[in-house]
Amino acid sequence: DIQMTQSPSSLSASVGDRVTITCQASQDITNCLNWYQQKPGKAPKLLIYDASNLETGVPSRFSGSGSGTDFTFTISSLQPEDIATYYCQHHDNLPLTFGGGTKVEIK
Amino acid sequence: QVQLVQSGAEVKKPGASVKVSCKASGYTFTRSYIHWVRQAPGQGLEWMGIINPSGGSTDYAQKFQGRVTMTSATSTSTVYMELSSLRSEDTAMYYCGRGGSHVGPYSIDYWGQGTLVTVSS
């Protein structure tokens, strides 16, 4: 199974800050990487698919990059409504696996 | 609009089974896979398996092999996930999710609201 290592596990930033989360796969997954946002008490929401494609309706301050084993998720200007836990997930093959999550808080 | 509506919360005793339903609407049911993902309290997301509602083929995570059964009923656009031999570690929120159309079948573009399963004696 492919292991997904996400860092950091939590971060605190100010409104307007640039926030970056990384995700590393245990083997080459080309661009088969998604990013989800999960707010407390809610189901996850797909933000980025295939490493860098913004899902319909998702604000452009969210972006993703990377290929192979190393991926990055960025919030260009953190907003109060972005408080959530973010997960990466590979979809190269089955079984699917998720990273451990990054909890983003406002400083 | 696409909707996945799950059945209500369950409380079960250790050793029992639970069956959670996920009713789909707003799209052609047989054209998209359904995934099941669970989340223990305060923990991350764990993929359990996938079912193709067209034909009923399944693929389960090895961790759940032998304990999980996923089925579909095309007449009601409903998918079911049954987990047997429950233990306290199975206490979690269980989500169904649609394998996306434009994002690919292994990416989950719509999620159910979740079903809390509590295992307690």
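Look up a bit, the structure's there.
Predicted, not measured: the structure shown is a model, and the values here were computed from it.

(A) Structural context of the overall build of chain A. Of the regular secondary structure elements, chain A holds 0 helices and 11 strands. Mapped from its N terminus to its C terminus, chain A presents α and β elements in the order β-β-β-β-β-β-β-β-β-β-β. Taking 2.2 N^0.38 as the reference for a compact globule, 107 residues should give roughly 13 Å; the C-alpha atoms of chain A span a radius of gyration of 13 Å, in line with that estimate. The dimensions of chain A, computed from C-alpha atoms along their principal axes, are 35 × 25 × 25 Å. Only carbon and sulfur atoms are counted for the fraction: they give 44% of the accessible area of chain A, which is about 4,700 Å². Positive and negative charge centroids in chain A, built from 7 and 10 side chains respectively, lie 13 Å apart.

(B) Representation of the side chain of A:H90 within the structure. Residue and element names in this part refer to chain A. Relative to the assigned elements, H90 resides in strand β9 (residues 84-90). Reaching out from H90, the side chain makes a polar contact with the backbone nitrogen of D92 at a distance of 3.1 Å. Within the structure, the side chain of H90 is placed 3.1 Å from the backbone oxygen of P95, a separation counted as a polar contact. For H90, the residues in contact, after removing those within four places along its chain, are I2, M4, I29, C32, L33, P95, L96 and T97.

(C) Local environment of the state of the cysteines. All names here are of chain A. Using the criterion set out here, one finds 2 disulfides over all chains in the structure. Each sulfur in the disulfide pair C23 and C88 lies 2.0 Å from the other. Taking the sign of the S-S torsion, about 65 degrees here, the bridge from C23 to C88 comes out right-handed. Placement of C23 in strand β3 (residues 19-25) and of C88 in strand β9 is noted, with a sequence separation of 65 residues between them.

(D) Quick look at the nonpolar core. The biggest cluster of nonpolar side chains holds 40 residues, and the ones touching the most others in it are B:W36, B:M48, B:M81 and B:L83. Once residues within four sequence positions are removed from consideration, B:L83 is found in contact with B:A16, B:S17, B:V18, B:R38, B:M48, B:F64, B:R67, B:V68, B:D90 and B:Y94. With 24 residues, the next largest nonpolar core counts A:M4, A:L47, A:F73 and A:C88 among its residues.

(E) Focus on unusual backbone geometry. Here the bond from A:S7 into A:P8 is cis, since omega is -5 degrees, no more than 30 degrees from zero. With respect to the secondary-structure elements, A:P8 resides in the loop between β1 (4-7) and β2 (10-13). A cis geometry characterises the amide bond from A:L94 onward to A:P95, with omega recorded as 5 degrees. Considering the arrangement of structural elements, one finds A:P95 in the loop between β9 and β10 (97-98). For A:T30, which is not glycine, the phi dihedral falls at a positive 45 degrees. Take A:T30: it is sitting in the loop between β3 and β4 (33-38). Phi at B:S77 is positive, roughly 55 degrees, even though this residue is not glycine.

(F) Layout of the interface of chain A and chain B. Across the contact, 18 residues belong to chain A and 19 residues belong to chain B. If you sort the residues of chain A by the area they bury against chain B, A:L94, A:L96 and A:F98 come out on top, with a joint share of 34%. The interface formed by chain A and chain B holds 0 salt bridges in total. Where chain A meets chain B, there are 9 residue pairs in polar contact (both at pLDDT 80 or more). Only β4, β5 (45-49) and β9 of chain A provide two or more residues apiece to the side of chain A that touches chain B. Per-element accounting of the side of chain A that touches chain B gives the leading share, 3 residues, to β4(A). Tallied by class, residues from the side of chain A that touches chain B come to 10 nonpolar, 6 polar and 2 charged.

(G) Quick peek at the pattern of salt bridges. Across all of its chains, the model carries 9 salt bridges over all chains by this definition. The salt bridge partner of A:R61 is A:E81, with a shortest N-O separation of 3.7 Å. Of the two residues, A:R61 sits in the loop between β6 (53-54) and β7 (62-67) while A:E81 sits in the loop between β8 (70-75) and β9, which places them 20 residues apart along the sequence. For B:D90, the salt bridge is made with B:R38, and the minimal N-O distance between the two is 2.8 Å. Residue B:D90 is found in the loop between β8 (78-83) and β9 (92-99), and its partner B:R38 is found in strand β4 (residues 34-39); the two are separated by 52 residues along the sequence. Accessibility assignment for this pair places B:D90 and B:R38 in one class, buried. Residues participating in the shared-partner salt-bridge network are B:R38, B:E46, B:K63, B:R67 and B:D90.

Procedures and definitions
Residues numbered from 1 in each chain as written. Chains lettered and ligands numbered in written order. Predicted model: local features only at pLDDT ≥ 70, side-chain atom pairs only at ≥ 80, totals over all residues. Heavy atoms only, no water. Helix = DSSP H or I, 4+ residues; strand = E, 2+ residues; numbered from the N terminus. Rg over C-alpha atoms; globule rule 2.2 N^0.38 Å. Areas by Shrake-Rupley, 256 points an atom, 1.4 Å probe, with all protein chains shown as cover. Lys, Arg positive; Asp, Glu negative; His and termini not counted. Charge placed at Lys NZ, Arg CZ, Asp CG, Glu CD. Polar contact = N/O pair within 3.5 Å; in protein donor to acceptor, adjacent residues only side chain to side chain. Contact = heavy atoms within 4.5 Å. Disulfide = S-S within 2.5 Å. Core = buried A, V, L, I, M, F, W, Y, C linked by side-chain atoms within 4.5 Å. Buried < 20%, exposed > 50% of the residue type's maximum accessible area, 1.4 Å probe, protein only. Buried area = accessible area lost by both parts, 1.4 Å probe. Salt bridge = Lys/Arg side-chain N within 4 Å of Asp/Glu carboxyl O. Nonpolar A, V, L, I, M, F, W, Y, C, P; charged D, E, K, R; others polar.

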